[in-house]
Amino acid sequence: MTEQEKRYFEGKKKGFEGEVFFDQVVTEPLECEGLVINDLLLKFNNTYFQIDTTIIFKDTIKLFDVKNFQGEYYYEEGRFYAINGSERDDPLVQLERCVSHFRQLLYSLGYKGTIEAYVVHVNPEFTLFQVPRTYPIIFPSQLNSLRKKLNNNQLKLNDWHRRLADKLISLHIVESPYDLSPAYDFDSLRKGNNCGRCQSFSITLNDRILTCNNCGHQETVESAILRGIGEIKLLFPEMKITVNVVYEWCGGVWSKWVIRNVLKKHFKATGYGKWCFYE
Ligand SMILES: [Zn+2]
């Protein structure tokens, strides 16, 4: 990947981890009357907008935009800056834009209640200075009380709310992962088993157990081969899984005999000899 692509995907990954964390701490343990919808990508008036978490309550819809920023930031004269003084995209401006489109969409679907929207920061190493307390921002130290407040919503929902949720889900636009992927092909990718936890290629094999030299994570050979097969299937959905393909993908470390045994155990063989592939 180019440096720019790398930064882009690292940003995406960090954002995703933030959303997962928010779900674990706030939305998954909820015990209230509310329909939670994650990660909606919608379109209204030819404009796309994305909402990390939508919760439908009886008279209110709450929207949460989750941020996993790290480090120190500040507001000055209504603008958002990193501590080194460089201006950054203000999450509140993004949120406002998104809410405006979502409100129009909801009203067009007949919704008449209120909409509340918040930017939620989940990273414990995030600090924001000079922020007016009226801004709709939720800080890491407020996540538990947010969950408790949400749990106070006990008004019963009816079919109309469930139909609204179904409608929103049906309007969700499925993003093709291929639009975002950098170009790649089988030959140009690095081969060999890497660590299942930290992705390091620095691995030591001992007694049919792989140990990562970077993070110490351990894995059996069988599990590593299966993970390699999973990678091939994900990256090359059209490719037929054969002993030779897996052998090459794993960097020629395991004998074809070992690979064939793993394939036989977990997949169904089709064809014979050289042309045998596994599904
Ligand atoms: Zn590792």
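## Some remarks on the environment of phenylalanine 102
Then comes step 1: With respect to the helices and strands, phenylalanine 102 occurs in helix 2 (residues 91–108).
Then comes step 2: Owing to a relative accessible area of 0%, phenylalanine 102 belongs among the buried residues under this scheme.
Then comes step 3: The spatial distance from the C-alpha of phenylalanine 102 to the C-alpha of leucine 92 is 15 Å, given a sequence separation of 10 residues.
Then comes step 4: Ignoring any residue separated from it by four or fewer positions in sequence, one finds phenylalanine 102 in contact with Leu42, Phe49, Ile51, Thr54, Ile61, Leu63 and Leu168.

## Structural notes on the packing of aromatic side chains
Two aromatic rings are characterised by how far apart their centres lie and by the angle between their planes.
Then comes step 1: Throughout the structure, instances matching the rule amount to 18 aromatic pairs.
Then comes step 2: Ring geometry for tyrosine 8 against phenylalanine 9: centres 5.1 Å apart, planes inclined by 80°, an arrangement best described as edge-to-face.
Then comes step 3: Taken together, a centroid distance of 5.3 Å and an interplanar angle of 0° make the contact between tyrosine 73 and phenylalanine 80 stacked.
Then comes step 4: On the basis of relative accessibility, which here comes to 2%, the residue phenylalanine 80 falls in the buried class.
Then comes step 5: Among the aromatic residues, those joined into a cluster by ring pairs are Phe69, Tyr73, Tyr75, Phe80, Phe126, Tyr135 and Phe139.
Then comes step 6: Of note, arginine 190 hangs over the ring of phenylalanine 201, and the distance from its end group to the ring centre comes to 4.0 Å.

## Quick notes on the coordination of the zinc ion
Then comes step 1: For the zinc ion, the full set of protein donor atoms is Cys195 (SG), Cys198 (SG), Cys212 (SG) and Cys215 (SG), and the range of their distances to it is 2.3 Å.
Then comes step 2: Classification of the site at the zinc ion as tetrahedral follows from its four donor atoms and the range of 105 to 114° in their angles at the metal.
Then comes step 3: In the primary structure, the donors to the zinc ion are separated according to the pattern C-x2-C-x13-C-x2-C. With a gap of 17 residues between them, cysteine 198 in the loop between helix 5 (177–180) and strand 9 (203–206) and cysteine 215 in the loop between strand 10 (209–212) and strand 11 (218–220) connect regions that are remote in the sequence.

## Remarks on the pairing of strand 3 (residues 60–67)
Consecutive side chains of a regular strand alternate in pointing toward one face of the sheet and then the other.
Then comes step 1: Burial within strand 3 is extensive, with eight of its eight residues counted as buried.
Then comes step 2: Burial along strand 3 is two-sided: Thr60, Lys62, Phe64 and Val66 facing one way and Ile61, Leu63, Asp65 and Lys67 facing the other are all buried.
Then comes step 3: Linking strand 2 (residues 47–56) back to strand 3 in an antiparallel pair, the connection comprises three residues.

## Digging into empty space enclosed by the protein
Then comes step 1: Using the criterion set out here, one finds one cavity of 30 Å³ or more in the structure.
Then comes step 2: Its volume calculated, the largest cavity comes out at about 40 Å³.
Then comes step 3: Surrounding the largest cavity, Asn194, Cys195, Gly196, Ile203, Leu210, Thr211, Cys212, His217, Gln218, Glu219 and Arg227 form its lining.
Then comes step 4: Those elements that place two or more of their residues in the lining of the largest cavity are strand 10 and strand 11.
Then comes step 5: With three residues, the top contributor of residues to the lining of the largest cavity is strand 10.
Then comes step 6: Tallied by class, residues from the lining of the largest cavity come to four nonpolar, five polar and two charged.

## Considerations on the sheet that holds strand 4 (residues 71–76)
Then comes step 1: With respect to topology, three strands assemble into an open sheet ordered 5-4-7, the strand pairing being mixed. Each edge of the open sheet is held by one strand with a lone partner, namely strand 5 (79–82) and strand 7 (126–129). Averaged over all neighbouring strand pairs, the angle between strand axes comes to 25°, with direction disregarded.
Then comes step 2: Pairing analysis gives four bridges linking strand 4 to strand 7, with the strands arranged parallel. Note on strand 7: the bridge partner recorded for tyrosine 73 is leucine 128.

## As for the pattern of salt bridges
Then comes step 1: All chains considered together, the criterion is met by nine salt bridges.
Then comes step 2: A salt bridge links lysine 6 to glutamate 3, with the shortest nitrogen-to-oxygen separation between them at 3.9 Å. Separated by three residues within a single helix, lysine 6 and glutamate 3 lie in helix 1 (residues 3–27), roughly one turn from each other.
Then comes step 3: Notably, a salt bridge pairs glutamate 219 with arginine 227, separated by 2.8 Å at the nearest N-O pair.
Then comes step 4: Connected via shared salt-bridge partners are Glu219, Arg227 and Glu231.

Quick notes on the rules
For every chain, the first residue of its written sequence is number 1, and the numbers climb from 1 along that sequence. The model is predicted, so local features are restricted to residues of pLDDT at least 70 and side-chain atom pairs to those at 80 or more, both for listing and for counting; the totals for chains, interfaces and linings are taken over all residues. Side-chain numbers here rest on the full set of heavy atoms in the structure, without hydrogens or water. Elements are defined by DSSP. Helices are runs of H or I of four residues or more, strands are runs of E of two residues or more, and each kind is numbered from the N terminus. Categorising residues by exposure relies on relative accessible area from a 1.4 Å probe, with only protein chains included: less than 20% of the type maximum marks a residue as buried, more than 50% marks it as exposed, and the intermediate range marks it as partly exposed. Should any heavy atoms of two residues lie within 4.5 Å, those residues are counted as being in contact. Centres within 6.5 Å make a pair out of two Phe, Tyr or Trp rings, where for Trp the six-membered ring is used; the pair is then stacked when the planes are under 30 degrees apart, edge-to-face when over 60, and tilted otherwise. We call a charge positioned over a ring when the NZ of a Lys or the CZ of an Arg lies within 6 Å of the ring centre and within 35 degrees of the ring normal. Any N, O or S atom lying within 2.8 Å of the metal counts as a donor, with the limit raised to 3.2 Å for Na, K and Ca; because water is left out of the atom set, some sites can appear incomplete. Here a site with four donors is tetrahedral if all angles are between 85 and 135 degrees, and a site with four or six donors is square planar or octahedral if opposite donors are over 155 degrees apart and the other angles are between 65 and 115; anything else gets the irregular label. If DSSP finds at least two bridges between two strands, the strands pair. Using a 1 Å grid laid over the protein atoms alone, points where a 1.4 Å probe fits but cannot get out form a cavity; open sets with protein on both sides within 12 Å along at least 5 of 7 lines form a pocket; any residue with an atom within 4 Å of a point counts as lining. Grid points are joined across faces, edges and corners, and a volume is the space filled by probe spheres set on the points. Residue polarity is assigned by list, with Asp, Glu, Lys and Arg as charged and Ala, Val, Leu, Ile, Met, Phe, Trp, Tyr, Cys and Pro as nonpolar; anything else, Gly included, falls into the polar class. Structural elements are reduced to axes, namely lines fitted to C-alpha atoms, with helices fitted over the stretch in contact, and the angle between N-to-C directions of any two is expressed from 0 to 180 degrees. We count a salt bridge whenever a side-chain nitrogen from Lys or Arg sits within 4 Å of a carboxyl oxygen from Asp or Glu.

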